[in-house]
Amino acid sequence: MPASPLMQQALDEARQALGLTSPNPAVGAVVVRDGRVLGRGRTQPPGGPHAEVVALREAGEAARGSTVYSTLEPCAHHGRTPPCVDALIGAGVAAVHYSLEDPNPAVSGAGHRRLLEAGIAVEVGDGAAEAARILEGYLKHQRTGLPLAVVKYAASLDGRLAAASGDSRWVSGPDTLRWAHDERQRLDAIVVGSGTVVLDNPTLTARPERSQTPGYPAGGATGEVHQPLRVVVDSRGRTRRDANVLGGPAPTLMATSERSPESWRREMTEAGAEVLVLPDTPGVDGHSHVDLEALLRELGRRGMLVVLFEGGGVLLGSLFDRKLVDRVYAVIAPVIIGARDAPAAVAGRGVDRMAQAPRLRDLTVTRLGEDTLISGVPVWPDATEAVDTAGRRD
């Protein structure tokens with residue numbers, strides 16, 4: 001069921017907070033009376049006020065007797081800021097409508113109860129599906145301690161990331177590039193393998209066109225664009241000191257293993273990067289690679305909610321082999337490369353039978369100029385079920 005028009009305005013506020021609030025959820029709120037919006041708010045960076053408080057401050061005394069629409073259950077505990085339920089009760093609001101219960105054990109129904117005890121009418125569920133999509137990183141982090149792992153790649157119609165020489169500039173078109181930069185500012189981290197750094201020498205910063213527009217909200221009060229942490233998975237120490245990923249406005253983390261030379265690790269530290277040594281795990285290519293689950297667990301420990309993996313194919317293949325992927329963004333460009341030795345978009349161990357392959361659900365298909373963006377959530381079949389199905393089809 002779609003969100004009501006007033007809750008939709010709160011959801012729009014929440015979207016504009018994505019990437020700026022971690023480890024807190026990106027929440028939006030509006031204060032309404034007699035059908036008129038009196039105040040709007042979105043969660044501010046950690047240490048700043050939550051969405052409901054921002055909206056109430058904008059509404060002022062007019063908030064008394066109003067209805068507040070919020071995309072998440074108002075908090076009832078003291079963290080960096082006082083409880084939002086105290087602000088709502090103090091403002092004298094008459095009703096609160098929220099989309100989702102907060103799974104945080106410190107909240108989880110407590111905010112709802114406090115509002116009812118104060119005589120405030122409460123309704124739950126308006127815009128729940130859309131709120132869950134916006135908050136999917138927060139919801140997973142609360143459930144598992146891990147961030148949402150998103151895989152993104154741009155490939156040709158025949159599933160290749162680049163030509164046989166490794167040249168990948170450009171598989172996709174300018175509209176996809178603009179979309180990618182717009183999305184980056186909503187992330188906590190962006191991860192690539194050392195092969196991508198060596199071949200493409202990317203900067204991995206967010207450079208959205210709209211950031212040049214006065215009043216564009218993505219940078220918060222300062223107007224600066226949020227830059228995700230850049231993570232390079234480099235087991236053996238292949239990244240050069242003059243790599244673009246070591247310069248620019250964003251911080252860089254080199255995720256490596258004991259197999260990288262200590263001299264290289266010192267060099268990366270001197271270049272301004274943080275070096276993180278993680279365990280190894282066997283790879284499909286016969287070599288050991290950084291344990292990606294250990295990397296995700298460390299990023300989750302740091303309070304990151306959404307992490308994007310951009311390639312290359314071996315890195316993405318390892319994620320799929322270990323069933324660590326939560327969402328896929330596949331950009332398909334109308335070009336055929338046709339080279340047998342061209343790198344594949346996903347190059348892991350893979351599956352032996354089609355019945356074992358993950359399929360995407362909750363599909364969306366969007367045109368990006370001449371390219372097509374396919375987004376969805378991968379679902380892996382139960383191993384036993386996959387074998388039985390394969391047997392019947394044989």
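Residues numbered from 1 in each chain as written. Predicted model: local features only at pLDDT ≥ 70, side-chain atom pairs only at ≥ 80, totals over all residues. Heavy atoms only, no water.

(A) Structural view of the packing of aromatic side chains. Scanning the entire structure with this criterion turns up two aromatic pairs. Between Trp 179 and Tyr 329 the ring centres are 5.4 Å apart and the planes differ by 85°, which places this aromatic pair in the edge-to-face class. Taken as a pair, Trp 179 in helix α7 (residues 174-184) and Tyr 329 in strand β14 (residues 327-332) lie far apart in primary sequence, 150 residues in all. Since its relative accessible area comes to 15%, Trp 179 is described here as buried. A relative accessible area of 12% places Tyr 329 in the buried class. When the centroid spacing of 6.3 Å and the interplanar angle of 50° are considered together, the rings of Phe 320 and Trp 380 count as tilted. Pair noted here: Phe 320 is in helix α11 (residues 313-321) and Trp 380 is in the loop between β16 (371-379) and α12 (383-393), with a separation of 60 residues, a long-range link. Classification of Phe 320 by relative accessible area gives buried; the value is 16%. (Phe/Tyr/Trp six-rings, centres within 6.5 Å; stacked < 30°, edge-to-face > 60°. Helix = DSSP H or I, 4+ residues; strand = E, 2+ residues; numbered from the N terminus. Buried < 20%, exposed > 50% of the residue type's maximum accessible area, 1.4 Å probe, protein only.)

(B) Structural view of the confidence of the model for the chain. Per-residue pLDDT for the chain averages 89, and the proportion of residues at 70 or more is 92%. Low pLDDT, under 50, characterises residues 211-222; the predicted model gives this stretch 16 contacts beyond four residues in sequence or across chains. Throughout residues 383-394 the model reports pLDDT below 50, and contacts reaching past four residues in sequence, or to other chains, amount to eight contacts. (pLDDT = per-residue confidence, 0-100. Contact = heavy atoms within 4.5 Å.)

(C) Geometry of the side chain of Ser 260. Of note, Ser 260 is situated in the loop between β9 (252-256) and α9 (262-270). For Ser 260, a relative accessible area of 2% puts it in the buried group. At a separation of 2.9 Å, a polar atom in the side chain of Ser 260 contacts the side chain of Thr 256. Excluding residues within four positions of it along the chain, Ser 260 makes contact with Ser 235, Arg 236, Gly 237 and Arg 265. (Polar contact = N/O pair within 3.5 Å; in protein donor to acceptor, adjacent residues only side chain to side chain.)

(D) Structural detail: unusual backbone geometry. In this structure, the amide linkage connecting Ser 22 to the following residue, Pro 23, adopts the cis form with an omega of 10°. For Pro 23, the position within the fold is in the loop between α1 (5-17) and β1 (28-33). The step from Gly 311 to Gly 312 runs through a cis peptide bond, and the omega angle for that step is 10°. Mapped onto the secondary structure, Gly 312 falls in the loop between β13 (306-309) and α11. Despite not being glycine, Asn 201 has its phi angle at roughly 50°, a positive value.

(E) The nonpolar core, seen in detail. Formed by 62 residues in total, the largest nonpolar core has its most connected members in Val 31, Leu 56, Val 93 and Val 96. At five residues, α1 tops the list of elements feeding residues into this core. If sequence neighbours within four positions are ignored, Val 93 has contacts with Leu 56, Ala 63, Gly 65, Ser 66, Val 68, Leu 88 and Ile 120. One finds Ala 149, Leu 161, Leu 253 and Val 328 within the second-largest nonpolar core, a separate group that totals 33 residues. (Core = buried A, V, L, I, M, F, W, Y, C linked by side-chain atoms within 4.5 Å.)

(F) Inspection of the sheet that holds β9 at higher detail. Overall, mixed pairing links the nine strands, which are arranged β10-β9-β8-β7-β13-β6-β14-β16-β15 in an open sheet. Among the strands making up the open sheet, the edge pair consists of β10 (274-277) and β15 (359-368). Taken over all neighbouring pairs, the strand axes of this sheet differ in orientation by 20° on average, direction set aside. Across five bridges, β14 lies against β16 in antiparallel orientation. Directly across from Ile 332, in β16, lies its bridge partner Thr 372. Packing against the sheet, α7 makes contact with β6 (148-155), β7 (189-193), β14, β15 and β16, and its axis sits at approximately 160° to β14. (Pairing = 2+ DSSP bridges. Axes fitted to C-alpha atoms, helices over the stretch in contact; angles between N-to-C directions.)

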